[in-house]
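Observations on the model geometry
Here is what each chain is made of, one letter per residue.
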Amino acid sequence: MENVYIETYGCQMNFADSDVIAAILKTAGYGLCSAAEEADFILINTCAIRENAEQRVRHRVRELRALQSRRLHLRIGVLGCMAERLQNRLMAEEDNVSFVCGPDAYRRLPEIMKQIAGSRQQVAEVELSETETYADIEPVRLSGNGVSAFISIMRGCQNYCAYCVVPYTRGRERSRDPETIVREARNLFNQGYREVTLLGQNVNSYGLTPNPSPEWRGEHIAFPELMDRVASIDPQLRVRFATSHPKDLNDSLLEVMASHENICRCIHLPVQSGSNRMPKLMNRKYTVEWYLDRVDAIRRYLPDCSITTDVIAGFSTETEEDHQATLDLFRRVRYDYAYMFMYSLREGTYAWKHLADDIPEEVKKRRLNEIIALQGEIALENNRKEVGREYEVLVEGVSHRSKEQLFGRNSQNKVIVFDHRDAEVGTYRRVKVTSCTQATLLGELVQ
Ligand code: SAM
Ligand code: SF4
């Protein structure tokens with residue numbers, strides 16, 4: 001049996017895709033191994049969102065030359081967004097790569113791998129699809145902890161934010177048959193999983209763009225209805241979702257969230273910038289006022305909900321005033337967590353064609369550092385307020401710091417570390433917060 005080693009970079013969606021890839025290859029008779037040194041094929045599932053994500057992959061591909069010189073039959077494939085973006089160019093520049101395969105072509109992997117095994121041939125399979133959702137494939141959970149799992153509910157994106165490469169690497173938005181989603185969640189629950197995260201680039205538009213597949217037999221339901229169905233599987237199954245585009249976050253979702261205690265109290269609401277000029281330039285289709293109205297709505301329906309965000313420092317023409325407006329917005333919303341990025345110009349995007357990448361690197365870096373520093377203070381202040389509170393924690397595993405401690409998350413997605421006594425992974429335990437750092441709450445089990 002030939003062995004495949006899959007290495008994944010990038011977002012949660014990529015990790016979910018790797019699980020689908022593993023299932024396709026396992027069904028085709030390949031073995032899955034956990035070390036590159038044992039592999040006959042190494043598949044690298046990549047991210048193209050920022051230049052540094054691509055550089056990391058190129059570095060890894062070059063590093064693998066040494067292993068290839070010892071294992072002459074070893075073949076390397078690059079999958080996912082970077083494969084889609086660069087296609088044959090990638091194999092011309094990295095000639096130890098035997099094939100590239102885009103996000104909608106994974107069903108063809110066994111065929112491609114048969115074709116290139118034992119030869120010096122290079123193959124590119126990068127056609128995008130308007131209908132593929134891999135709905136019928138039961139993923140092999142490669143990196144799972146047996147407690148929480150990702151479920152892809154849609155693919156692609158057609159929002160065309162000016163800076164973003166995703167619509168070009170992942171194609172048109174399409175939704176997956178709701179029945180297959182509910183079935184996957186129920187199967188996971190029956191296998192002992194206690195948390196599922198429904199994934200899409202903009203989950204709030206789930207079901208709104210009908211899947212044009214001729215094989216589509218499912219109903220077309222909107223996201224709040226889907227959440228209601230998944231949350232109704234069992235009150236012991238926690239349900240999360242990512243990502244919400246602020247332009248589409250409506251009250252009906254918040255109402256459904258409020259009506260199910262097992263829908264987790266955490267909303268990831270990427271703002272990108274706090275200055276009204278920027279979301280317009282970025283084609284985000286909301287104003288800062290609209291965004292803040294959505295934040296107020298979340299707090300109204302779900303007073304204990306945590307809010308997290310993504311932000312980009314140094315997008316085209318961003319002034320000091322724009323940057324200050326972002327800092328002000330952070331002070332106003334007081335996010336529990338933020339993914340903070342420096343703007344990276346991506347070939348093919350609207351910004352690449354029409355907007356100058358005119359903020360010097362050191363200015364981008366300084367602005368990013370100011371946002372990081374402020375967010376650090378806010379997260380610590382938010383966490384300090386948690387001391388003394390009690391939470392239901394889903395136990396996920398042994399803490400990295402000490403074998404004597406376990407960690408889990410509360411509904412708000414905050415990590416809580418506590419002495420384990422007899423708590424079991426995959427169970428819910430009541431934990432009282434006793435102290436905190438910026439990133440973690442520390443607590444003790446409540447009898
Ligand atoms: N679909 C999600 C949304 O719109 O909220 C986000 C998906 S994207 C994979 C994750 C984040 O990467 C974005 O929210 C944005 O902050 C960041 N990002 C995307 N393109 C970027 C770029 N060219 N430079 C820097 N950050 C970028
Ligand atoms: Fe990119 Fe915008 Fe689509 Fe998110 S919504 S994936 S940022 S284009």
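Residues numbered from 1 in each chain as written. Chains lettered and ligands numbered in written order. Predicted model: local features only at pLDDT ≥ 70, side-chain atom pairs only at ≥ 80, totals over all residues. Heavy atoms only, no water.

1. With respect to the packing of aromatic side chains
Enumeration according to the criterion identifies nine aromatic pairs in this entry. Measuring from centroid to centroid gives 6.0 Å for Tyr106 and Tyr134, while their planes differ by 20°, and the two rings are stacked. Here Tyr106 is found in the loop between β5 (97-101) and α6 (109-116), whereas its partner Tyr134 is found in the loop between β6 (123-125) and β7 (148-152), with 28 residues between them in sequence. A single burial state applies to Tyr106 and to Tyr134, both of which are buried. Three or more aromatic residues link up through ring pairs in this structure, and these residues are Tyr163, Phe315 and Tyr343. Here Arg50 stacks its cationic end above the ring of Phe341, 3.6 Å away from the centre of that ring. (Phe/Tyr/Trp six-rings, centres within 6.5 Å; stacked < 30°, edge-to-face > 60°. Helix = DSSP H or I, 4+ residues; strand = E, 2+ residues; numbered from the N terminus. Buried < 20%, exposed > 50% of the residue type's maximum accessible area, 1.4 Å probe, protein only. Lys NZ or Arg CZ within 6 Å of the ring centre and 35° of its normal.)

2. As for the site of ligand 2
Taken together, Cys157, Asn159, Tyr160, Cys161, Tyr163, Cys164, Val166, Pro167, Gln201, His245 and Arg284 make up the full set of residues adjacent to ligand 2. A breakdown of the residues in the shell around ligand 2 according to their chemical character gives seven nonpolar, three polar and one charged. (Near = heavy atom within 4 Å. Nonpolar A, V, L, I, M, F, W, Y, C, P; charged D, E, K, R; others polar.)

3. A word on helix α8 (residues 178-190)
In this model α8 runs 18 Å from its N-terminal to its C-terminal C-alpha over 13 residues, within 8% of the 18 Å that 1.5 Å per residue would give. Every buried residue of α8 is listed here: Pro178, Thr180, Ile181, Val182, Glu184, Ala185, Leu188 and Phe189. Considering only its buried residues, α8 is in contact with β7, β10 (195-199) and α9 (223-231). Two or three places before Glu179, at the start of α8, stands the capping residue Asp177, its side-chain oxygen 3.0 Å from that residue's backbone nitrogen. (Expected span 1.5 Å × (residues − 1). Contact = heavy atoms within 4.5 Å. Polar contact = N/O pair within 3.5 Å; in protein donor to acceptor, adjacent residues only side chain to side chain.)

4. Notes on the site of ligand 1
By nearness alone, 15 residues border ligand 1, and Gln201, Pro270, Gln272, Asp310 and Ser344 come closest of all. A distance of 2.8 Å separates a nitrogen atom of ligand 1 from a polar backbone atom of Gln201. Within the complex, the protein chains bury 91% of what would otherwise be the 570 Å² of accessible surface of ligand 1. Of all elements in the fold, only β13 (306-313) and β14 (337-342) reach the threshold of two or more residues within the shell around ligand 1. Of the residues assigned to the shell around ligand 1, the class counts are seven nonpolar, four polar and four charged. (Areas by Shrake-Rupley, 256 points an atom, 1.4 Å probe, with all protein chains shown as cover.)

5. Describing the pattern of salt bridges
Evaluated as defined, the whole model comprises 47 salt bridges. Among the ionic pairs, Asp104 bridges to Arg155, the shortest N-O distance being 3.7 Å. You can see Asp104 sitting in the loop between β5 and α6 and its partner Arg155 sitting in strand β8 (residues 154-155), a full 51 residues away along the chain. The buried category is assigned to Arg155, whose relative accessible area is 3%. (Salt bridge = Lys/Arg side-chain N within 4 Å of Asp/Glu carboxyl O.)

6. Observations concerning the sheet that holds β14
Spatially, three strands are ordered β12-β13-β14 in an open sheet, and the strand pairing comes out parallel. On the outer flanks of this sheet lie β12 (266-268) and β14, each paired with one strand and no other. Going across the sheet, the axis of each strand differs from the next one's by a mean of 10°, ignoring polarity. Sheet topology places β12 next to β13; three bridges connect them, and they run parallel. Following the sheet pairing, Ile267 is matched in β13 by Ile307. Set on the sheet, helix α15 (residues 361-384) makes contact with β13 and β14; between it and β14 the angle comes to about 175°. (Pairing = 2+ DSSP bridges. Axes fitted to C-alpha atoms, helices over the stretch in contact; angles between N-to-C directions.)

7. So, the environment of Val271
Locating Val271 in the fold gives a position in the loop between β12 and α11 (277-281). Val271 sits in the buried class, given a relative accessible area of 2%. Separated by 59 residues in sequence, Val271 and Phe330 place their C-alpha atoms 9.8 Å apart. Look past the residues within four positions of Val271 in its chain and what remains in contact with it is Tyr286, Tyr291, Thr309, Asp310, Leu329 and Tyr335.

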